[in-house]
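Residues per chain are reported as follows:
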Amino acid sequence: MTAHGTIDRPLTHDPLKQALMTAHSTSEQPHGSATADFITAGAITSRQNRTREMQLIPEALARAHMGDRMREADAERHAVRLVTARRMQRRAERVSLRARRALAMAVMH
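Treat the numbers as computed from the prediction; the structure is a model and nothing was measured.

Caption draft 1: Main features of the overall build of the protein. A tally of regular secondary structure across the protein gives one helix and zero strands. Counting the 109 residues in the protein, one finds 5% classified as buried. Partitioning the intrachain contacts of the protein with sequence separation of at least 6 by distance along the chain shows that 42% fall at a separation of at least 24. Of the accessible surface of the protein, which amounts to about 10,100 Å², a share of 61% is contributed by carbon and sulfur atoms.

Here you go:
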């Protein structure tokens, strides 16, 4: 009995011997039917690139997520600095007004 491989259990794990997943638009077979296409030219690069890309997707997502979090943290720090600067400016203006009043009172008496 010759059992052909399935998607979950391929006939071989060797990328050279696996069939490429190519979309054929020929009229010989209905769309979506399986083809017995064992092309080895370019199989290594397409399979390895696909698996490498698939393995790097979570890393790229994590990097993008961390970039977003870093931008949010920077914006939050900038907002806190701005609020603090405004508070200190108001305090300085109040102190300045107090000093002017005290000077005016000293000059008048």
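Caption draft 2: Inspection of a positive patch on the surface at higher detail. Taken together, Arg-86, Arg-87, Arg-90, Arg-91, Arg-94, Arg-98 and Arg-101 make up a surface patch of like positive charges. Along the chain, Arg-94 falls in helix H1 (residues 43-108). Residue classification places Arg-94 among the partly exposed residues on the basis of a relative accessible area of 46%.

Caption draft 3: Representation of the pattern of salt bridges. Following the criterion strictly, the structure yields four salt bridges and no others. The partner of Arg-63 in a salt bridge is Glu-59, and the shortest N-O contact between them spans 2.8 Å. Highlighted residues: Arg-63 and Glu-59, both in helix H1, separated by four residues, approximately one helical turn. A relative accessible area of 53% places Arg-63 in the exposed class. Overall, Glu-59 belongs to the partly exposed group, its relative accessible area being 42%. Measuring nitrogen to oxygen at the nearest pair gives 2.9 Å for the salt bridge that ties Arg-69 to Glu-72. Separated by three residues within a single helix, Arg-69 and Glu-72 lie in helix H1, roughly one turn from each other. Here Arg-69 falls in the partly exposed class, since its relative accessible area comes to 37%. Of the residues examined, Glu-72 reaches a relative accessible area of 47% and is grouped as partly exposed.

Caption draft 4: How the structure looks around a nonpolar patch on the surface. Where nonpolar side chains cluster on the molecular surface, the patch consists of Met-54, Ile-57 and Leu-61 and spans about 320 Å² of accessible area. Within the secondary structure layout, Ile-57 lies in helix H1.

The rules behind the values
- Residues numbered from 1 in each chain as written.
- Predicted model: local features only at pLDDT ≥ 70, side-chain atom pairs only at ≥ 80, totals over all residues.
- Heavy atoms only, no water.
- Helix = DSSP H or I, 4+ residues; strand = E, 2+ residues; numbered from the N terminus.
- Buried < 20%, exposed > 50% of the residue type's maximum accessible area, 1.4 Å probe, protein only.
- Contact = heavy atoms within 4.5 Å.
- Areas by Shrake-Rupley, 256 points an atom, 1.4 Å probe, with all protein chains shown as cover.
- Patch = residues over 30% accessible without salt bridge, like charges linked within 9 Å, V, L, I, M, F, W, Y side chains within 5 Å.
- Salt bridge = Lys/Arg side-chain N within 4 Å of Asp/Glu carboxyl O.
- Lys, Arg positive; Asp, Glu negative; His and termini not counted.
- Charge placed at Lys NZ, Arg CZ, Asp CG, Glu CD.

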